[in-house]
Amino acid sequence: MFDSMIEISDIFPYLCGLLGLLLLWQYHEKQVLAGRIQAIDIFDRSGMRMYICATPDDEEICEACREVNGLVLLPSQVARKDFSPLQKPCANAGKCIVVLAGLYGAWLEARSVVGRLRATVRTGPLKLSEPEISALLNGKWESCVSAATDRCSVQMLTALSFEKSFPDSAIAGYRHVIEHAKEVHDLPLVVPAYLRLTEMLPRQGRINEAMELIEEFDNRFPRNKTGPYYPKEKQRGLMSIKKTRLKTAPPAPKPQPAQA
């Protein structure tokens with residue numbers, strides 16, 4: 001019995017240390033979500049190795065925002081004070097969507113982009129072409145070790161690229177982000193996903209779904225609360241305008257039965 005007491009006393013300090021680290025980690029997460037820790041803390045601890053700027057496949061996106069589509073950045077670049085990927089101001093009164101999707105990128109195509117990014121830090125920005133973005137997203141990311149970490153970002157990037165060519169896939173991607181974004185590095189994607197999805201659903205004649213989504217948005221982000229990942233006033237205003245338009249929109253045409 002005396003020996004067992006000695007063994008317990010030997011490991012007790014280590015157990016206390018582990019408990020202290022766990023409490024510290026939980027406290028840090030709460031501080032991040034409350035916005036009390038600055039962006040540099042978030043990006044440095046996120047585990048991301050690169051950030052990709054992306055805009056929707058939409059003619060209404062202004063030229064200044066469209067120019068940064070495919071821009072690849074290091075976390076240290078994104079974490080700079082007052083960072084903006086835009087070289088010129090948005091010409092659409094801030095209505096454009098520019099997403100920064102973080103990736104660890106453990107699959108082959110992503111590792112290649114990370115290597116190119118690190119090699120071009122001193123020579124200028126790295127910008128992926130549309131075929132290069134497609135090759136990245138079509139890689140075997142689901143079978144690599146970073147799949148769980150990268151899933152929401154890949155879904156978001158894919159949805160932004162597929163709005164015209166594969167609208168159903170884009171809608172599913174935005175819904176995935178809205179429902180599954182829980183980690184700190186995924187939370188900035190949620191509001192853009194809502195905004196794009198409420199644009200796409202009416203185009204598909206799914207007015208009721210769009211109205212329900214706006215109600216969900218209002219409940220998820222009440223006006224009497226604030227946070228680092230809450231919508232800005234302009235974004236809330238856009239949602240209000242969409243809601244008013246949808247209320248007065250004519251009913252969607254019923255699908256015609258297929259002819260034999």
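Residues numbered from 1 in each chain as written. Predicted model: local features only at pLDDT ≥ 70, side-chain atom pairs only at ≥ 80, totals over all residues. Heavy atoms only, no water.

**Section: the sheet that holds strand E3 (residues 99–103)**
So, point 1. In space, the 4 strands of this open sheet follow the order E3-E1-E2-E4, with antiparallel pairing throughout. Sheet topology places E3 and strand E4 (126–127) at the edges, where each strand pairs with a single neighbour.
So, point 2. By the bridge criterion, 2 bridges tie strand E1 (residues 50–54) to strand E2 (residues 71–73) in an arrangement that is antiparallel. Residue pairing in the sheet places Tyr51 in a bridge with Leu73 of E2.
So, point 3. The sheet contacts of helix H5 (residues 108–119) involve E1, E2 and E4, and relative to E1 the element is tilted by about 100°. (Pairing = 2+ DSSP bridges. Helix = DSSP H or I, 4+ residues; strand = E, 2+ residues; numbered from the N terminus. Contact = heavy atoms within 4.5 Å. Axes fitted to C-alpha atoms, helices over the stretch in contact; angles between N-to-C directions.)

**Re unusual backbone geometry**
So, point 1. Positive phi is not limited to glycine here, since Asp82 has a value of about 60°.
So, point 2. The residue Asp82 is located in the loop between helix H4 (75–78) and E3 in this model.
So, point 3. Accessibility expressed as a relative area gives 71% for Asp82, which makes it exposed. (Buried < 20%, exposed > 50% of the residue type's maximum accessible area, 1.4 Å probe, protein only.)

**Describing the side chain of Ser146**
So, point 1. Examined against the element boundaries, Ser146 turns out to sit in the loop between helix H6 (130–137) and helix H7 (147–162).
So, point 2. A relative accessible area of 3% means that Ser146 is categorised as buried.
So, point 3. Ser146 has contacts with Tyr104, Gly105, Ala106 and Trp107, leaving out every residue within four places of it along the chain.

Note that every value here comes from positions in space, so none of it alone points to a role or purpose.
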